[in-house]
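One-letter residues, chain by chain:
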Amino acid sequence: MRILITGGAGFLGSHLCDYLLSMGNEVICMDNLITGSIDNIAHIHNERFKFYKYDVTEFIYVDGEINFILHFASPASPIDYARYPIQTLKVGALGTHKTLGLAKHKKASYLLASTSEVYGDPLISPQPEDYWGNVNPVGPRGVYDEAKRFGEALVMAYHSVHKIDTRIVRIFNTYGERMRLNDGRVVPAFIPQALTGEPLTVFGDGSQTRSFCYVADLVEGIYKLMCSDCHTPVNLGNPEEMTVLEFANKIIEITGSSSEIVYKPLPQDDPKQRRPDITKAKQLLDWQPKVSFEEGITKTINWFKQRLNKI
Ligand code: UDP
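Quick summary incoming for the structure in this document. Predicted, not measured: the structure shown is a model, and the values here were computed from it. (Residues numbered from 1 in each chain as written. Predicted model: local features only at pLDDT ≥ 70, side-chain atom pairs only at ≥ 80, totals over all residues. Heavy atoms only, no water.)

### Details of the overall build of the protein chain
Our working rule: By the criteria applied, helices consist of DSSP H or I runs no shorter than four residues and strands consist of E runs no shorter than two, each listed in order from the N terminus. Buried, partly exposed and exposed residues are distinguished by accessible area as a fraction of the type maximum, computed with a 1.4 Å probe on protein chains only: under 20%, between the cut-offs, and over 50%, respectively. Only heavy atoms matter for contacts: two residues are in contact if any of them lie within 4.5 Å across the pair. By the counting scheme adopted, Arg and Lys are positive, Glu and Asp are negative, and His together with the chain ends is not counted. For this purpose, a charge sits on NZ of Lys, CZ of Arg, CG of Asp or CD of Glu.
When helices and strands are tallied, the protein chain shows nine helices and 13 strands. Referenced to the eigenvectors of the C-alpha coordinate spread, the extents of the protein chain come out at roughly 55 × 45 × 40 Å. For the protein chain, with 311 residues in total, the buried portion stands at 54%. Long-range pairs, those at least 24 residues apart, make up 80% of the contacts in the protein chain between residues at least 6 apart in sequence. Distance between charge centres in the protein chain, computed from 33 positive and 36 negative side chains, equals 5 Å.

### Comments concerning the site of the ligand
The condition that has to hold: Nearness here has a simple test: a residue counts as near a molecule or strand if at least one of its heavy atoms is within 4 Å of that partner. What qualifies as a polar contact is a pair of N or O atoms within 3.5 Å, subject to a donor-acceptor requirement within protein and to the restriction that residues adjacent in sequence count only when both atoms come from side chains. For the area figures, the Shrake-Rupley method with a 1.4 Å probe applies, and any residue is considered shielded solely by the protein chains shown. Think of it as three bins: nonpolar holds Ala, Val, Leu, Ile, Met, Phe, Trp, Tyr, Cys and Pro, charged holds Asp, Glu, Lys and Arg, and polar takes everything else, Gly as well.
In the region of the ligand, 18 residues are neighbours, and Thr 201, Phe 203, Arg 210, Asp 270 and Arg 274 sit closest. Within the side chain of Asp 270, a nitrogen or oxygen atom sits 2.5 Å from an oxygen atom of the ligand. Arg 274 is positioned with one of its side-chain polar atoms (N or O) 2.6 Å from an oxygen atom of the ligand. Out of a free accessible area of 520 Å², the ligand has 95% covered by protein chains. Among the secondary structure elements, those contributing two or more residues to the shell around the ligand are helix H5 (186-196) and strand S8 (200-203). Within the shell around the ligand, the residues separate by chemical class into eight nonpolar, four polar and six charged.

### Side note on H5
In terms of burial, H5 is largely enclosed, as eight of its eleven residues are buried. The set of residues buried in H5 consists of Val 187, Pro 188, Ala 189, Phe 190, Ile 191, Pro 192, Gln 193 and Ala 194. Contacts from the buried residues of H5 go to strand S7 (174-175), S8, helix H7 (244-255) and helix H9 (293-310). A positive backbone phi angle near 80° is found at Gly 197, which sits one or two residues after H5.

### Here's the deal with H9
Note that an α-helix has 3.6 residues per turn; residues three or four places apart therefore point the same way. Keep this limit in mind: Given the number of residues in a helix, its expected span is that number minus one, multiplied by 1.5 Å. Here the arc refers to the directions that run from the helix axis out to each C-beta atom.
Along its 18 residues, H9 runs 26 Å from first to last C-alpha, staying within 8% of the 26 Å computed at 1.5 Å per residue. Looking only at H9, the buried set comprises Phe 293, Gly 296, Ile 297, Thr 300, Ile 301, Trp 303 and Phe 304. For H9, the angular spread of buried residues about the axis comes to 165°, placing them on one side. Opposite the packed face of H9, turned more than 90 degrees from it, sit the exposed residues Asn 309 and Lys 310. Where H9 is buried, its residues touch S7, H5, strand S10 (213-214), strand S12 (241-243) and H7.

### Quick look at the packing of H5 against H9
Spelled out, the test is: Fitting a line to C-alpha atoms yields each axis, with helices limited to the stretch in contact; the angle taken between N-to-C directions then spans 0 to 180 degrees. For classification purposes, angles smaller than 35 degrees are called roughly parallel, those larger than 145 roughly antiparallel, those between 65 and 115 roughly perpendicular, and all remaining angles oblique. The crossing is said to be left-handed when, going from far helix to near helix, the turn is anticlockwise and less than a right angle, and right-handed when the turn is clockwise.
Where H5 meets H9, the closest approach of the two axes is 10 Å, and the angle between their N-to-C directions is 65°. Between H5 and H9, the interaxial angle falls into the category roughly perpendicular. When you trace H5 past H9, the crossing you get is right-handed. Taken together, the residues of H9 that come into contact with H5 (itself represented by Val 187, Pro 188, Ile 191, Pro 192, Leu 195 and Thr 196) are Ile 297, Thr 300, Ile 301, Phe 304, Lys 305 and Leu 308. Of the residues assigned to the contact of H5 with H9, the class counts are nine nonpolar, two polar and one charged.

### Thoughts on unusual backbone geometry
Cis geometry is adopted by the peptide bond preceding Pro 126, which originates at Ser 125 and carries an omega value of -5°. For Pro 126, the location among the structural elements is in the loop between strand S5 (109-115) and helix H4 (142-162). For Lys 107, which is not glycine, the phi torsion reads 55° and is therefore positive. Overall, Lys 107 belongs to the exposed group, its relative accessible area being 75%. Even without being a glycine, Arg 178 presents a positive backbone phi close to 80°. Along the chain, Arg 178 falls in the loop between S7 and H5.

If you want it as structure tokens, here you go:
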């Protein structure tokens with residue numbers, strides 16, 4: 001296939017580029033590099049790969065046929081969407097519109113990277129796909145949550161009106177190599193803190209929960225979703241849930257760090273619990289995460305060790 005991936009120089013996007021190339025596809029990667037980085041794709045030397053620095057909220061022109069479009073472009077961490085609120089809204093709304101228009105023109109299949117954030121601060125746990133969520137549209141996370149919710153609605157409309165072959169993946173917290181050091185998320189915050197002996201900054205009392213999926217598992221799930229014919233949203237994530245404080249202690253233990261824990265104020269609208277119900281992915285895609293937390297986090301810690309040595 002000839003595949004266009006937006007946000008292809010980001011954390012998830014670059015892993016997808018690698019995976020899709022390894023399966024023999026041609027990959028066209030677009031990214032405006034406001035939160036993505038050339039470093040993430042610098043290792044790719046492949047004649048089936050092309051990179052264009054481009055803002056996909058503008059009209060997109062691509063020569064030749066395109067068989068699949070993956071729309072992964074978006075700032076994805078709370079501090080990034082606080083820094084780029086309008087770009088976050090535009091890429092989730094206008095970027096989805098532009099990429100869907102291209103899919104219609106090229107008769108390509110289409111996959112939208114959506115998010116567990118469509119569930120907001122969920123009142124039920126685990127979250128199944130038919131839960132409608134508890135989102136504050138005007139809070140600090142609203143720009144991301146509402147853009148992705150609008151994006152999902154637009155994808156469903158293009159599917160029903162224009163008969164585009166679409167998919168929607170709701171991605172839960174994912175970690176691994178190539179997370180950006182200063183993106184403010186908990187994994188790239190805690191690991192470098194532990195490795196450099198700085199205190200780990202736990203927000204609130206650390207009782208809020210998250211469920212962390214290793215990137216290789218997620219990429220495999222996305223590929224299985226691409227190959228399926230499921231048009232309604234599918235959760236992908238690891239249902240193994242832990243509190244942020246438990247997570248901090250595990251990082252200290254696995255790195256053998258002498259770091260302490262300090263408590264910082266809980267950001268506004270920080271979800272109290274998050275855990276995917278993956279029954280649908282298991283049944284429809286025969287997918288579930290395979291990589292244990294210890295294995296995935298050890299690989300990620302080793303990658304951060306190398307990064308820190310280079311800086
Ligand atoms: N968090 C924390 N310390 C940090 C960064 C994040 O305690 O230095 C907490 C944050 O408040 C949230 C959880 O870790 O409860 C996950 O945050 P992240 O930004 O990774 O993503 P989120 O799941 O909130 O989108």
